[in-house]
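Read off the chains here:
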Amino acid sequence: MSLFKHPTAIVESQHIGEDTKVWHFAHIREGARVGKGCVIGKSAYIDTDVEIGDRVKIENFVSVYRGVRIGDEVFVGPSATFTNDLYPRAFNEDWEVVPTLVKKGASIGAHATIVCGVTIGEYAMVGAGAVVTKDV
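Below you will find a few notes about this structure. (Residues numbered from 1 in each chain as written. Predicted model: local features only at pLDDT ≥ 70, side-chain atom pairs only at ≥ 80, totals over all residues. Heavy atoms only, no water.)

What to know about the sheet that holds strand β4 (residues 21-22)
In step 1: The strand order across the open sheet formed by seven strands is β1-β4-β7-β10-β13-β16-β19, and the pairing between neighbours is parallel. Unpaired on one side and paired on the other, β1 (4-5) and β19 (125-126) mark the two borders of the sheet.
In step 2: Pairing between strand β10 (residues 57-58) and strand β13 (residues 75-76): two bridges, direction parallel. Among the inter-strand pairings, Lys57 is bridged to a residue of β13, identified as Phe75. (Pairing = 2+ DSSP bridges. Helix = DSSP H or I, 4+ residues; strand = E, 2+ residues; numbered from the N terminus.)

This is the structure:
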């Protein structure tokens, strides 16, 4: 089996692993890397300079912005959001991406917000609706 891409999905990246499924209206930007056997849910957004490991499940409406690294076998629940700017402004010439790391087997609940610059450890659990501002 190779990449399954729903006809409404936008996949600009050339770095998508085998057996990955990209569902309705998902958008994977050029420069993103998605591993093998992943599921990218409906209306998910995967930004440029994002790395996603193997066998990762990104549920519907998840936003993963640049600078995020997600390890193998991670689960990201519906509508979770990863930020990449500690001081967001509409226009900021000094903006720098603040990286975030999610290690193997971690699970992130629905509607969680992961503020950039944190590490979520191996097999860690982030509850639904949590706002993560420190390492877990």
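What to know about the pattern of salt bridges
In step 1: With the rule as written, the count across this model stands at six salt bridges.
In step 2: One salt bridge in this structure joins Arg29 and Asp47, with 3.0 Å as the shortest N-O distance. With a gap of 18 residues between them, Arg29 in the loop between β5 (27-28) and β6 (33-34) and Asp47 in the loop between β8 (45-46) and β9 (51-52) connect regions that are remote in the sequence.
In step 3: Here Asp47 falls in the buried class, since its relative accessible area comes to 7%.
In step 4: The closest approach of N and O atoms between Arg69 and Glu51, which form a salt bridge, is 3.7 Å. One end of the pair, Arg69, is in strand β12 (residues 68-70); the other, Glu51, is in strand β9, with 18 residues separating them in the sequence.
In step 5: A relative accessible area of 39% means that Glu51 is categorised as partly exposed. (Salt bridge = Lys/Arg side-chain N within 4 Å of Asp/Glu carboxyl O. Buried < 20%, exposed > 50% of the residue type's maximum accessible area, 1.4 Å probe, protein only.)

Thoughts on the packing of aromatic side chains
In step 1: Considering all chains together, one arrives at two aromatic pairs under this definition.
In step 2: With centroids separated by 4.8 Å and ring planes inclined at 50 degrees, the aromatic side chains of Phe4 and Trp23 adopt a geometry described as tilted. Linking Phe4 in strand β1 with Trp23 in the loop between β4 and β5, this pair joins segments that are 19 residues apart in sequence.
In step 3: Look at Phe4 and you get partly exposed, because its relative accessible area is 30%.
In step 4: Ring geometry for Tyr45 and Tyr65: centres 5.6 Å apart, planes at 50 degrees, overall tilted. One end of the pair, Tyr45, is in strand β8; the other, Tyr65, is in the loop between β11 (63-64) and β12, and 20 residues separate them in sequence.
In step 5: Judged by its relative accessible area of 30%, Tyr65 falls in the partly exposed class. (Phe/Tyr/Trp six-rings, centres within 6.5 Å; stacked < 30°, edge-to-face > 60°.)

What about the environment of Leu3?
In step 1: Relative to the elements of secondary structure, Leu3 occurs in the segment before β1.
In step 2: Residue Leu3 is classed as partly exposed on the basis of its relative accessible area, which comes to 35%.
In step 3: Contacts of Leu3, omitting those with residues within four sequence positions, involve Ile16, Asp19, Thr20 and Val22. (Contact = heavy atoms within 4.5 Å.)

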